[in-house]
Amino acid sequence: MQIELRILRFDPEKDQKPHEQTYTVEAGPMDRVLDLLHKVKYEQDGTLTFRRSCAHGVCGSDAMLINGRNRLACKIRVDQLKARRITVAPLPGLPVMKDLVVDMEAFFAKFRSVQPYLQADSLDPDRERLQSQAERAVFDDTTKCILCAACTTSCPSFWAQPSYVGPAAIVNAHRFIFDSRDDHADDRLTILADRDGVWRCRTIFNCTDACPRGIHITQAILEVSSRIVEHQA
Ligand code: SF4
Ligand code: F3S
Ligand code: FES
């Protein structure tokens with residue numbers, strides 16, 4: 001079948017503002033949007049610019065706005081979109097560098113701000129730090145994040161207030177706050193109790209809908225908020 005692919009293009013060296021460009025590509029129902037972008041780039045217009053690496057939903061580099069929703073181009077198939085016309089635009093709310101490539105630096109700075117690494121104060125044990133299956137299960141969901149930014153850039157609270165730390169950073173804080181081997185949960189709770197922390201979440205659920213890993217993001221945010229309330233009591 002023929003698909004009309006409408007891509008929002010922007011070249012900072014030539015364009016004052018983004019503009020839509022339309023391409024017609026031949027596609028099968030099992031083709032993914034990433035396959036269509038490759039067809040355009042390799043067969044029609046080599047200037048089209050986008051990020052991708054693994055092509056299998058692992059690296060998180062090709063999140064973009066596809067038919068109005070944040071999706072990984074390598075995971076969403078033509079048959080799932082149920083349309084012969086597909087629009088593709090860069091992730092909302094981040095500065096566009098070129099075409100579908102956005103500047104992720106502010107996003108990663110927020111990720112780093114929540115100390116997303118294990119901090120154990122006890123001396124290094126001779127063997128691994130033990131943890132029961134039940135203790136591991138508490139944060140299993142939030143270990144799955146691939147830092148694609150689909151959640152944070154789909155959040156109206158983030159659009160309204162870009163200083164909001166955002167759901168991706170909170171998910172990654174959750175992963176360590178609830179890790180029984182970590183001793184610095186309180187530091188992260190203090191960081192997230194800030195005015196740009198968890199309280200900016202209005203439980204809108206766009207983040208949960210956008211997450212390609214199926215992480216229960218809103219639930220994780222509420223678990224962190226509850227822990228902050230306990231921490232402050
Ligand atoms: Fe992407 Fe999900 Fe991680 Fe957000 S929580 S950055 S949507 S993988
Ligand atoms: Fe935003 Fe998700 Fe909260 S969309 S408002 S972070 S539930
Ligand atoms: Fe790696 Fe899509 S290219 S997640």
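Residues numbered from 1 in each chain as written. Chains lettered and ligands numbered in written order. Predicted model: local features only at pLDDT ≥ 70, side-chain atom pairs only at ≥ 80, totals over all residues. Heavy atoms only, no water.

I keep staring at the pattern of salt bridges and nothing clicks. Help me out?
Pairing between side chains of opposite charge can happen when the charged atoms of each approach one another. Under the defined criterion, the tally for this structure stands at 21 salt bridges. Close ionic contact of glutamate 20 with arginine 6 constitutes a salt bridge, the shortest N to O distance being 3.7 Å. Here arginine 6 lies in strand β1 (residues 2–9) and glutamate 20 lies in strand β2 (residues 19–26), a separation of 14 residues in the sequence. What makes glutamate 20 partly exposed here is its relative accessible area of 46%. Classification of arginine 6 as partly exposed rests on a relative accessible area of 25%. Of the charged contacts in the structure, one is a salt bridge between glutamate 230 and arginine 227, with a shortest N-O distance of 3.7 Å. Linking glutamate 230 with arginine 227, this pair stays in helix α9 (residues 217–232), spanning three residues, or about one helical turn. Residue arginine 227 is classed as partly exposed on the basis of its relative accessible area of 29%. (Salt bridge = Lys/Arg side-chain N within 4 Å of Asp/Glu carboxyl O. Helix = DSSP H or I, 4+ residues; strand = E, 2+ residues; numbered from the N terminus. Buried < 20%, exposed > 50% of the residue type's maximum accessible area, 1.4 Å probe, protein only.)

What is the right way to look at the site of ligand 1 in this model?
In the neighbourhood of ligand 1, 13 residues make up the surrounding shell, with Cys145, Cys148, Ala149, Cys151 and Cys211 lying closest. Among the detected pockets, ligand 1 sits in the second largest cavity. (Near = heavy atom within 4 Å. 1 Å grid on protein atoms, 1.4 Å probe; cavity = no way out; pocket = protein on both sides within 12 Å on 5 of 7 lines; lining within 4 Å. Sits in = over half its atoms within 2 Å of the grid points.)

For this particular structure, what's the right way to read the nonpolar core?
Here is a general trend for soluble globular proteins: nonpolar side chains tend to be buried in one another's company. One finds Leu37, Ile86, Leu192 and Val224 to be the most contacted residues of the largest nonpolar core, which totals 64 residues. Of the residues forming this core, the biggest block, six residues, is contributed by helix α6 (residues 167–177). With near-sequence residues (within four places) excluded, isoleucine 86 lies in contact with Ile3, Glu4, Leu5, Arg6, Leu36, Ile66, Asn67, Val78 and Leu81. (Core = buried A, V, L, I, M, F, W, Y, C linked by side-chain atoms within 4.5 Å. Contact = heavy atoms within 4.5 Å.)

Any chance you could explain the packing of α6 against helix α7 (residues 185–192) here in plain terms?
In a pair of packed helices, the angle between the axes and the distance between the axes together describe the arrangement. Between α6 and α7, whose axes approach to 9 Å, the crossing angle comes to 155°. What the angle tells us is that α6 and α7 run roughly antiparallel. The way α6 lies across α7 gives a crossing that is left-handed. For the pair formed by α6 and α7, the contact residues are Ile170, Ala173, Phe176 and Ile177 on the first element and Ala185, Arg188, Leu189 and Leu192 on the second. Of the residues contributing to the contact of α6 with α7, the split by class is seven nonpolar, no polar and one charged. (Axes fitted to C-alpha atoms, helices over the stretch in contact; angles between N-to-C directions. Parallel < 35°, antiparallel > 145°, perpendicular 65-115°, else oblique. Left-handed = near helix turned anticlockwise from the far one by under 90°. Nonpolar A, V, L, I, M, F, W, Y, C, P; charged D, E, K, R; others polar.)

Can you help me understand α6 in this one?
Side chains that are three or four residues apart share a direction in an α-helix, a result of its 3.6 residues per turn. By the criterion of burial, α6 is predominantly enclosed, with 11 of the 11 residues buried. Turning to α6, its buried residues are Pro167, Ala168, Ala169, Ile170, Val171, Asn172, Ala173, His174, Arg175, Phe176 and Ile177. Buried residues along α6 sit in contact with α3 (105–113), α7, α8 (206–210) and α9.

For this particular structure, what's the right way to read the site of ligand 2?
The environment of ligand 2 is made up of 13 residues, and the closest members are Cys155, Cys201, Arg202, Phe205 and Cys207. Among the cavities detected, the one that contains ligand 2 is the largest cavity. Residues of the shell around ligand 2, tallied by class, amount to eight nonpolar, four polar and one charged.

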